Structure formats: C-alpha cells, structure tokens
Amino acid sequence: MYSFFAMMARMKYIERWALMRNSLKENISEHSLEVAMLAHGLAIISNERCGNHLDVNQIALMGLYHDANEIITGDMPTPVKYFDENIKEAYKRVENVASYTMLNKLPADMRKYYEPLFIPGEDMKEAWKIVKAADKLSALIKCKEELRSGNQEFQTAAETIRSALEGMNMKEVDIFMSDFLPAYDQTLDELQR
C-alpha cells in the first residue's frame, strides 16, 4: 500500500498565514494551484519575452508540488522560518527530510518522476527561481485580497513581499507585475469588460 496520493489529499487541511488575522482562510492546496498557474505563466513570459527556453509544463508541476512537504511539517510562518540563519538552515533540513518522506510513499518506479518536483536539483536552478517568484506573487495576491476586504493586518506583508519581488531582478516578474497584477484590484464586472 502506497500513501502518497492520500497524503497529497491532506494539503487542503494545512492552513497558511497562521500568525495573521485572515478575512478568508487559505490552505496549501489552494495556494499550490495558484502557484502552479503563476509559475506556468512566468515561464511562458520568460520564454516569449526574455529569450529563455524553460520547460513550462515542468515548472507548472514544480509549482503544484512546491509546498507538499508541508503536509508533514505544517506551514512555518515566514518570520519564524527566516528569523536567523541557524533556524533557516535547520528548517531547510527538516523540509528536505519531509520531501524524501513523501517520495518514499511512492513505488520505486514512480519516484524518478516526482523527485525533480520535490528536491531542487542544481540543473533546475532557473526553474526553481521561477517557482519561488510565483510563490511570492501568490503571497502578494493574498495580501492584496485581504487589503481589499479592509484587513489592514496584511499591509506590512504586502510592502515586504512587493519589495522582495522587485529585488529578485527578474524581467518576467516585472512584466507580470506590470501587465497582470493590476487586474487583481478589479471587481468581477470590471474583469469581464
């Protein structure tokens, strides 16, 4: 018996933003779908407008599974995870163990397909940068949604995340933020025009 997919189904139980008062709860299943879509879009922008040759489908899958190890670890709040270098490194080791634990819940003949989605390989460095950018964009979008609903709790997070995205110095991120991010401030009626 292999429990990989049953474990993956539990992503919907892991809530994000635990230290913040949320108007709308978000789980890692919802977040991972959004990251997959954003990563796919960023990869297409990277190929079409920045002259790169990324595997857009592989990157979408990487986005889909990027937080799967949190089924085991839970969602560690960013201020805790990055409090200092020792905690950051220790948590990276915990995430790595959790990723291998998840991979070992698959039959051996299937693991090779999932390993690149769970374990950042040196050969996939550029692809993982795209996924990281998509992860940050998803967080910024969440902040924008909370702010639009009147929840000022997310103001500082929005500013910090926007600065981090700008600091990534990625042309594809700049293009997304210019061409697509403003639409997140529109109502459904405005989006349909």
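Above this text is the structure in question.
In short, a report on the structure.

Rules used in this analysis
- Along each chain, numbering runs from 1 in the same order as the chain's sequence is written.
- With the structure being a predicted model, the display of local features is reserved for residues of pLDDT at least 70 and the display and counting of side-chain atom pairs for 80 or more, all residues being used for whole-chain, interface and lining totals.
- Heavy atoms from the whole structure form the basis of all side-chain values; hydrogens and water molecules are not counted.
- We count a stretch as a helix when DSSP gives it H or I for four or more residues in a row; a strand needs E for two or more, and each element gets its number in order from the N terminus.
- The atom set for the radius of gyration is the C-alpha atoms, and the globule formula is 2.2 Å times the number of residues raised to the power 0.38.
- The buried label applies to any residue whose accessible area, calculated with a 1.4 Å probe on protein chains only, is under 20% of its type's maximum; exposed applies above 50%, and partly exposed to all values in between.
- Working rule for contacts: check all heavy atoms of both residues, and any pair within 4.5 Å makes them a contact.
- Here the accessible surface of atoms and residues is derived via Shrake-Rupley with a 1.4 Å probe, and residues count as covered only by protein chains that are part of the display.
- We count Lys and Arg on the positive side and Asp and Glu on the negative side, and we leave His and both chain ends out.
- A charge is said to be at NZ when it belongs to Lys, at CZ for Arg, at CG for Asp and at CD for Glu.
- Definition used for salt bridges: Asp or Glu carboxyl oxygen within 4 Å of a side-chain nitrogen of Lys or Arg.
- Working definition: a ring pair exists when centres of Phe, Tyr or Trp rings (six-membered ring for Trp) sit within 6.5 Å. Plane angles under 30 degrees give stacked, over 60 give edge-to-face, the rest tilted.
- Ring-over charges, as used throughout, are those where CZ of Arg or NZ of Lys falls within 6 Å of the ring centre and within 35 degrees of the ring normal.
- Under this definition, polar contacts are N or O atom pairs within 3.5 Å; protein pairs additionally need one hydrogen-donor-capable and one acceptor-capable atom, and for neighbouring residues in sequence, both atoms have to be side-chain atoms.
- Patches draw on residues past 30% relative accessible area with no salt bridge. Two like charges within 9 Å are joined, as are two nonpolar side chains (Val, Leu, Ile, Met, Phe, Trp, Tyr) within 5 Å.
- Convention adopted: a line fitted to C-alpha atoms gives each axis, helices being fitted over their contacting stretch, and angles between N-to-C directions are expressed from 0 to 180 degrees.
- Between 65 and 115 degrees an angle is taken as roughly perpendicular, under 35 as roughly parallel, over 145 as roughly antiparallel, and anywhere else as oblique.
- Ten residue types, Ala, Val, Leu, Ile, Met, Phe, Trp, Tyr, Cys and Pro, are classed as nonpolar, four, Asp, Glu, Lys and Arg, as charged, and the remainder, Gly among them, as polar.

**Brief notes about the overall build of the chain**
Working step 1: Secondary structure summary: the chain contains 11 helices and zero strands in total.
Working step 2: Here the C-alpha atoms of the chain give a radius of gyration of 17 Å, agreeing with the 16 Å that 2.2 N^0.38 yields for 193 residues.
Working step 3: Summarising its shape, the C-alpha atoms of the chain cover approximately 50 × 40 × 35 Å along the three principal directions.
Working step 4: Taken across its 193 residues, the chain has 42% of its residues classed as buried.
Working step 5: Considering only intrachain contacts with a sequence separation of at least 6, the fraction spanning at least 24 residues in the chain is 68%.
Working step 6: Surface summary for the chain: the accessible area is close to 11,100 Å², and the carbon and sulfur share equals 54%.
Working step 7: A distance of 3 Å separates the average location of the 23 positive side-chain charges in the chain from that of its 30 negative side-chain charges.

**Some remarks on the pattern of salt bridges**
Working step 1: Tallied over the full model, the rule gives eight salt bridges.
Working step 2: Linking Asp67 and Arg16 is a salt bridge whose minimum nitrogen-to-oxygen distance equals 3.9 Å. Here the residue Asp67 occupies a position in the loop between helix H3 (56-65) and helix H4 (70-73), and Arg16 occupies one in the loop between helix H1 (4-8) and helix H2 (28-50), the gap between them amounting to 51 residues. Each member of the pair, Asp67 as well as Arg16, is classed as buried.
Working step 3: Three or more residues joined by partner-sharing salt bridges are found here, namely Arg16, Glu26 and Asp67.

**Quick notes on the packing of aromatic side chains**
Working step 1: Applying the stated criterion across every chain yields a total of nine aromatic pairs.
Working step 2: An aromatic cluster is built from Phe4, Phe5, Tyr65, Tyr114 and Phe118, whose rings are joined through pairwise contacts.
Working step 3: Sitting over the face of the ring of Tyr13, Lys12 holds its NZ or CZ atom 5.5 Å from the ring centroid.

**Topic: the environment of Asn22**
Working step 1: As for its placement among the helices and strands, Asn22 is situated in the loop between H1 and H2.
Working step 2: Sequence separation between Asn22 and Glu153 is 131 residues, and the spatial gap between their C-alpha atoms is 8.2 Å.
Working step 3: With residues near it in sequence (within four places) discarded, Asn22 still touches Arg16, Trp17, Lys142, Glu146, Asn151 and Phe154.
Working step 4: Among the polar contacts listed, one links the side chain of Asn22 to the backbone oxygen of Trp17, at a separation of 3.2 Å.
Working step 5: A distance of 3.1 Å separates polar atoms of two side chains, one belonging to Asn22 and the other to Lys142.

**Some thoughts on a nonpolar patch on the surface**
Working step 1: A surface patch of nonpolar side chains, about 350 Å² in accessible area, is lined by Leu33, Met37, Leu61 and Leu64.
Working step 2: Taken together, the elements giving at least two residues each to the nonpolar patch come down to H2 and H3.
Working step 3: Here Met37 lies in helix H2.

**With respect to the packing of H3 against helix H7 (residues 108-118)**
Working step 1: Following both chains from N to C, one finds H3 and H7 inclined at 75 degrees, their axes separated by 8 Å at the closest point. As the angle between them shows, H3 and H7 are arranged roughly perpendicular. Between H3, through Gln58, Leu61, Met62 and Tyr65, and H7, the contact on the second element is made entirely by Tyr114, Pro116, Leu117 and Phe118.
Working step 2: Taken together, the residues that form the contact of H3 with H7 break down as seven nonpolar, one polar and no charged.

**Some thoughts on H2**
Working step 1: Of the residues flanking the start of H2, the one acting as N-cap is Asn27, its side-chain oxygen 2.9 Å from the backbone nitrogen of Ser29.
Working step 2: Just downstream of H2 lies Gly51, where phi reads positive at about 75 degrees.

**Quick word on unusual backbone geometry**
Generally, phi is negative for residues other than glycine and the peptide bonds are trans, each holding for most cases.
Working step 1: Of note, Trp17 is a non-glycine position whose phi angle comes to about 60 degrees, a positive value.
Working step 2: A relative accessible area of 15% means that Trp17 is categorised as buried.

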